Amino acid sequence: MNFEGFLRAAGFLSRCCIGLAIDDLGDDSDLEESAQRKSSPGLPYRAEKKSDNKFHERYVDAVYDDISKGKSHSTLGRNLKGQPFKESGLNVFNFLKTEGLKPEHICVEYGCGSLRAAQHFINYLNPSNFWGLDVTDKFYEIGKEMIGQKLLQKKLPHFRIISPATLAEVNQSHPDYLFAVLVMIHIPPGEIEEFLSNILKVCVKTTRAYISVDVSAITFKPHPNAWVFSKKELVAFLDKFPVNYSFIDASSVDFDKNRIEKMWIKLMLK
């Protein structure tokens, strides 16, 4: 298996969402801002403390609480940092078009959030061809309000909370494309296998799946709620599954003393 794969520029994510701190750090910060703060060095990876709730459940509660209060966030809610909602997520959409996405294709976003990227896919794809999945409906209900009923009624997208039943349901639609953007960065190493397994439950053999990931020489935490993975560790995870995969370069940024490469993992079932 060629895990180095084909590498080509994708023009993806000039800014990196690093995530909201659940403690008193407050709102979301991108990687460049974090790197400039001398008081916030990268943290070596340590196993997460055991909790009754998975990390994503704690993360969702913390983020939703903040955006409900009107706080800005890089990727979620009504008050996005950096660019208006209508312009946000276009880079993801344009990348998938360069990978062959057509209006007749069925496309799934795993971790659709408040639909900043999904809006462009919904508008482009034929009616009923978009599926948005997330661990909660809290965020995509906000996104549906911002997109508006006119487009939703015209395009009839599907939205589901992630569960074994809904993964099986989406699989029956035989997706052509699946993407997960700025999701894996918020998943602890101990939950990566479950994340990949869920994605593959949606896929059929013809599905092309794309997962955005931050890669460095070592696995570490640039922020309390974000992970950067070594390629060696990613390959170890991927080799546990019956997939062909490759890494597509997008961009890079320096954080502390580490070079972080922003990539897409492209994978298909064998």
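Quick note: structure is the one above.
Residues numbered from 1 in each chain as written. Predicted model: local features only at pLDDT ≥ 70, side-chain atom pairs only at ≥ 80, totals over all residues. Heavy atoms only, no water.

Caption draft 1: Spatial organisation of the overall build of the chain. Along its length, the chain carries nine helices and ten strands. Expressed as a percentage of its 270 residues, the buried residues of the chain come to 54%. Restricting the contact set of the chain to residue pairs at least 6 apart, pairs at least 24 apart contribute 72%. Carbon and sulfur atoms make up 51% of the accessible area of the chain, which totals about 12,200 Å². (Helix = DSSP H or I, 4+ residues; strand = E, 2+ residues; numbered from the N terminus. Buried < 20%, exposed > 50% of the residue type's maximum accessible area, 1.4 Å probe, protein only. Contact = heavy atoms within 4.5 Å. Areas by Shrake-Rupley, 256 points an atom, 1.4 Å probe, with all protein chains shown as cover.)

Caption draft 2: A look at the packing of helix α7 (residues 164-171) against helix α8 (residues 192-202). It is at 7 Å that the axes of α7 and α8 come closest, and there the two elements cross at 40°. The angle between α7 and α8 falls in the class oblique. Packed against α7, whose contacting residues are Leu167, Val170 and Asn171, the element α8 presents Asn198, Lys201 and Val202 at the interface. Looking at the contact of α7 with α8 residue by residue, the class counts come to three nonpolar, two polar and one charged. (Axes fitted to C-alpha atoms, helices over the stretch in contact; angles between N-to-C directions. Parallel < 35°, antiparallel > 145°, perpendicular 65-115°, else oblique. Nonpolar A, V, L, I, M, F, W, Y, C, P; charged D, E, K, R; others polar.)

Caption draft 3: Molecular detail of the nonpolar core. Tyr110, Met184, Phe195, Ile211, Ile265 and Leu267 are the most contacted members of the largest nonpolar core, which totals 37 residues. Ranked by residues supplied to this core, first place goes to α8 with six residues. When residues no more than four places from it in sequence are discounted, the contact partners of isoleucine 265 are Met184, Ala209, Tyr210, Ile211, Val213, Leu234, Leu238, Tyr245, Ser246 and Phe247. Membership of the second largest hydrophobic core comes to 28 residues, among which are Val92, Phe130, Tyr177 and Ile248. (Core = buried A, V, L, I, M, F, W, Y, C linked by side-chain atoms within 4.5 Å.)

Caption draft 4: Highlighting the pairing of strand β8 (residues 226-230). Extensive coverage of β8 is indicated by the burial of five of its five residues. Here strand β6 (residues 208-216) pairs with β8 via two bridges, running parallel. Paired with valine 215 across the bridge in β8 is phenylalanine 229. In terms of strand pairing, strand β7 (residues 220-223) meets β8 through two bridges, oriented antiparallel. Pairing of phenylalanine 220 across the sheet is with valine 228, part of β8. Counted between consecutive antiparallel strands, the loop separating β7 from β8 contains two residues. (Pairing = 2+ DSSP bridges.)

Caption draft 5: Fine view of the packing of aromatic side chains. Overall, the coordinates contain eleven aromatic pairs when judged by the stated rule. Aromatic side chains phenylalanine 95 and tyrosine 210 sit 5.7 Å apart centroid to centroid with 90° between the ring planes, which places their arrangement in the edge-to-face category. One end of the pair, phenylalanine 95, is in helix α3 (residues 90-98); the other, tyrosine 210, is in strand β6, with 115 residues separating them in the sequence. A residue is classified by how much of its surface remains accessible, and tyrosine 210, at 0% relative accessible area, is buried. Relative to tryptophan 264, the ring of phenylalanine 95 has its centre 4.8 Å away and its plane inclined at 10°; by these criteria the two rings are stacked. With phenylalanine 95 in helix α3 and tryptophan 264 in strand β10 (residues 258-269), this residue pair connects regions lying 169 residues apart in the sequence. Pair check on accessibility: phenylalanine 95 and tryptophan 264 agree, each one buried. Taken together, the ring pairs connect Phe93, Phe121, Tyr124 and Phe179 into an aromatic cluster. Positioned above the aromatic ring of phenylalanine 247 is the side chain of lysine 231, whose terminal nitrogen or guanidinium carbon lies 4.7 Å from the ring centre. (Phe/Tyr/Trp six-rings, centres within 6.5 Å; stacked < 30°, edge-to-face > 60°. Lys NZ or Arg CZ within 6 Å of the ring centre and 35° of its normal.)

Caption draft 6: Main features of the side chain of serine 230. By the element assignment, serine 230 lies in strand β8. Setting aside anything within four residues of it in sequence, one finds serine 230 in contact with Val215, Ser216, Ala217, Ile218 and Thr219.

Caption draft 7: Broad picture of the environment of isoleucine 147. In this structure, isoleucine 147 sits in helix α5 (residues 138-147). For isoleucine 147, a relative accessible area of 9% puts it in the buried group. Between the alpha carbons of isoleucine 147 and isoleucine 122 there is a distance of 9.6 Å; along the sequence they are 25 residues apart.

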